[in-house]
Amino acid sequence: MPDPDVGTATIVYEDADGVTEREVENDDIVYFDDHWLVKVGENDDGDDVVRRIPRERVQYVERSIDELEKKVEGAIEQAKEQFGWWG
C-alpha cells in the first residue's frame, strides 16, 4: 500500500505482454536519460529491482498533485536562490 505522505504515480507503458499500468509511490519512479525508471520490487538481499522503460513506450505518467506542487515550489525556490530573488 502506497505511503500517503509520499503520494503516488501511475505509469502506463507498452511491454511484451501489451499495455501495463503500474501504481507506485512517487519516490519509486524517476525520469532519467530518456527512460522512466520504476521500482518493481526487491531482491532477496533487500536491494531495489528497477525496470527501465524507454520513453517512447510510455503512454502517460500521472502523479499526485501534492508531489507536483512540491516539485514546482522547489523549482521556484531554487530559481529565487540562483538569481538572488527573495520575495
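Residues numbered from 1 in each chain as written. Predicted model: local features only at pLDDT ≥ 70, side-chain atom pairs only at ≥ 80, totals over all residues. Heavy atoms only, no water.

I'm lost on the sheet that holds strand β3 (residues 29-32) in this one. Help?
Sheets are built from strands that pair by backbone hydrogen bonding, the pairs being arranged parallel or antiparallel. As summarised here, the arrangement of the 3 strands in space is β3-β4-β5, forming an open sheet in which the pairing is antiparallel. Edge positions in the sheet fall to β3 and β5 (48-54), since each of these pairs with one other strand and no more. Taken pair by pair, the neighbouring strands of this sheet meet at an average axis angle of 30°, ignoring direction. One ladder, built from 7 bridges, connects strand β4 (residues 35-42) with β5; its direction is antiparallel. Paired with leucine 37 across the strands is arginine 52, a residue of β5. (Pairing = 2+ DSSP bridges. Helix = DSSP H or I, 4+ residues; strand = E, 2+ residues; numbered from the N terminus. Axes fitted to C-alpha atoms, helices over the stretch in contact; angles between N-to-C directions.)

Sorry if this is basic, but what is going on with the sheet that holds strand β6 (residues 58-63) here?
Pairing in this open sheet of 3 strands is antiparallel, and the strands run β2-β1-β6 from one edge to the other. Bordering the open sheet on either side are β2 (18-25) and β6, each of which pairs with just one other strand. In this sheet, adjacent strand axes meet at a mean angle of 15° when their direction is disregarded. Pairing of strand β1 (residues 8-15) with β6, which is carried by 5 bridges, proceeds in the antiparallel orientation. In the strand pairing of β6, valine 12 is matched with tyrosine 60.

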